[in-house]
Amino acid sequence: MAIMSDERYESGKYAGYVNNINAGGHPGYMVKTFGCQMNESDSEKLAGWLEAMGYRPAVTEEDCSFIIFNTCCVRESAEQRLFGHLGEMKKYKTANKDLVLAVCGCMMQQEGVAEKIRRSYPYADIIFGANSMHKLPRLLHEVLTQRRRAVDLEDDPAQGIAEGMPAVRSSGISAYVPIMHGCDNFCTYCIVPYVRGREKSRDPKDILDEMRGLAGEGIKEITLLGQNVNSYDGGISFAGLLRKAGGIDGIERVRFMTSHPKDIGRDILEAIHDTDAVCNHLHLPLQSGSDRILGLMNRNYSRDSYFAILDMAREIMPGIGLSTDIIVGFPGETEEDFQDTMDALERVRFDFAFTFIYSRRKGTPAAEMPGEVPDGIKHDRFDRMLGVQNRITLERNKASIGTVETVLVEGTSRTDPSMMTGRTGSNKIVNFRTGGTKAGGFAEILITDARTWHLEGELYRWK
Ligand code: 5AD
Ligand code: SF4
């Protein structure tokens, strides 16, 4: 069920009002994003609303009449950082009485946080949750007309997915397209199901129409997003959706994240293999290599069943890029459990691993589990794990020296403007020297050197 055509209509009604307010002042806005790709995607939509209402992107806070913080609460450190940022906003609010300050996203749905912001930051004008994004125009209108704070933390499980929001894309080459929202998995360490709500799949027609629209704007690469894309159920399966997404004219690369090992099967791997546009890359979070810890995490797979999936993936696509997420220091993790994780890294030899130190999230089952791992031990294990994975990443990168890789060119390298940068289908960054600039095009690059974080190469030919 899609909602909010009414809200869309209303944003047009409010736009005139906001335009008037902005006419004499600073029509600038900033969206400050914390967290995952889903948050980045949400921020593109917030920017879409703001531009539809007459705001324009600003470079400095002084030029803003609207600043919004889109927050994340997956790990605890984010909270302290947000409060620091909010504290800093006071000076801008004092200097510019028209500045509207908003805070939104997952963290607002977390117990106690919105309350703390209400109490400690009286100058935060709008507070809303991850499921109320489509209401921004109305909330903003309320603040501007009634000069009082607007709060919307609605969390109605029956609420449908908001469709039709405008978006300002941060790249002209790659874009994120959410295919589902929420999560039903309740991994015991994770706050996401509590703040983002139950799993809801978008209608495939809405997804494919959005992709066609993006192709029309020149986008070449789309990443399909969801907390667990393998359990997508929009009337067709995820494998079916991948095949359809791969058939859209102009979209030359389709990526997806995140997959859950308990829900991925041969049908999805074959869809990746059979569909040219779908990149041969799988991000499959392992979280731990110990069966005992996987049980405590409520992950619903064993290390052997995980290995079996990757063996099947490599059998179907020998060159497939593999990445993962690992958590160290989960409650009760012993040195033996940790060694099981290290052993899994050596066995799989991932191209890349995102490694996290366990962060206790109030309200999750793991927060009440015995056996808290002391900070010193967590950090020591984290460092050892990083050492091993960095070595493996470098070894795997070095293995591609001498090969020719097809790269989607993203632009000039941030670290060295004389270099261009792009990514391989397996998601490795490649920097290469060239006289011409051709962002958005494909190039074949001869790989000449390899580092831990990127490959280096020479232009072999434009494709
Ligand atoms: N502590 C540490 N890492 C976490 N993740 C999720 N919740 C936590 C937590 N409480 C990690 C998982 C997940 C990734 C997005 O964030 O590895 O896959
Ligand atoms: Fe969190 Fe697990 Fe859902 Fe991922 S699958 S969002 S880790 S509960």
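Rules behind the numbers
- Residues numbered from 1 in each chain as written.
- Chains lettered and ligands numbered in written order.
- Predicted model: local features only at pLDDT ≥ 70, side-chain atom pairs only at ≥ 80, totals over all residues.
- Heavy atoms only, no water.
- Pairing = 2+ DSSP bridges.
- Helix = DSSP H or I, 4+ residues; strand = E, 2+ residues; numbered from the N terminus.
- Axes fitted to C-alpha atoms, helices over the stretch in contact; angles between N-to-C directions.
- Contact = heavy atoms within 4.5 Å.
- Near = heavy atom within 4 Å.
- Polar contact = N/O pair within 3.5 Å; in protein donor to acceptor, adjacent residues only side chain to side chain.
- Areas by Shrake-Rupley, 256 points an atom, 1.4 Å probe, with all protein chains shown as cover.
- Nonpolar A, V, L, I, M, F, W, Y, C, P; charged D, E, K, R; others polar.
- Expected span 1.5 Å × (residues − 1).
- Buried < 20%, exposed > 50% of the residue type's maximum accessible area, 1.4 Å probe, protein only.
- Core = buried A, V, L, I, M, F, W, Y, C linked by side-chain atoms within 4.5 Å.

A word on the sheet that holds strand β13 (residues 253-257). The strand order across the open sheet built from 3 strands is β9-β12-β13, with neighbouring strands paired in parallel fashion. The open sheet is flanked by β9 (174-178) and β13, the only strands paired with a single partner. The mean inter-strand angle of the sheet, taken between neighbouring strand axes irrespective of direction, is 25°. The sheet contact formed by strand β12 (residues 221-225) and β13 spans 5 bridges and is parallel. The residue bridging Leu225 from the neighbouring strand is Met257, located in β13. Helix α2 (residues 37-52) contacts β9, β12 and β13 of the sheet and is inclined by roughly 100° relative to β9.

The next point concerns the site of ligand 1. If you check the shell around ligand 1, you find Val74, Arg75, Tyr189, Gln287, Asp325, Ile327, Phe356, Ile357, Tyr358, Ser359 and Arg361 and nothing else. The side chain of Asp325 places a nitrogen or oxygen atom 2.6 Å from an oxygen atom of ligand 1. Note that a nitrogen atom of ligand 1 is positioned 2.8 Å from one of the backbone N or O atoms of Ser359. Contact with the protein chains covers 85% of the free accessible surface of ligand 1, which is 400 Å². Elements that contribute at least two residues to the shell around ligand 1 include exactly β15 (321-328) and β16 (352-357). Taken together, the residues of the shell around ligand 1 sort by class into 6 nonpolar, 2 polar and 3 charged.

Our focus in this paragraph is helix α13 (residues 375-398). Counted at 1.5 Å a residue, the expected span for α13 with its 24 residues is 34 Å, and the 34 Å between its end C-alpha atoms agrees. Among all positions in α13, only Lys378, Arg381, Phe382, Met385, Val388, Gln389, Ile392, Thr393 and Asn397 are buried.

Once that is clear, we can look at the pairing of strand β18 (residues 419-424). Within β18, 5 of the 6 residues are buried, which leaves the element mostly enclosed by the surrounding structure. Where strand β17 (residues 404-412) meets β18, 5 bridges bridge the pair, whose relative direction is antiparallel. Residue pairing for β18: Leu408 is matched across the bridge by Arg423. Of the pairings in the sheet, the one linking β18 to strand β19 (residues 429-433) comprises 5 bridges and is antiparallel in character. If you follow Arg423 over to β19, its bridge partner there is Ile429. In this antiparallel pair of consecutive strands, β18 and β19, the connection spans 4 residues, and Asn427 shows a positive phi of 80°.

Time to look at the nonpolar core. Met211, Leu224, Phe238 and Leu242 are the most contacted members of the largest nonpolar core, which totals 56 residues. No other element matches helix α11 (residues 303-316), which puts 6 residues into this core. Setting aside residues up to four positions removed in sequence, Phe238 forms contacts with Ile179, Leu224, Val229, Asn230, Tyr232, Phe256 and Ile268. Counting residues in each nonpolar core, the second largest holds 29 residues, with Ile67, Ala78, Val113 and Tyr123 among its members.

These figures come from the coordinates and say nothing about function on their own.
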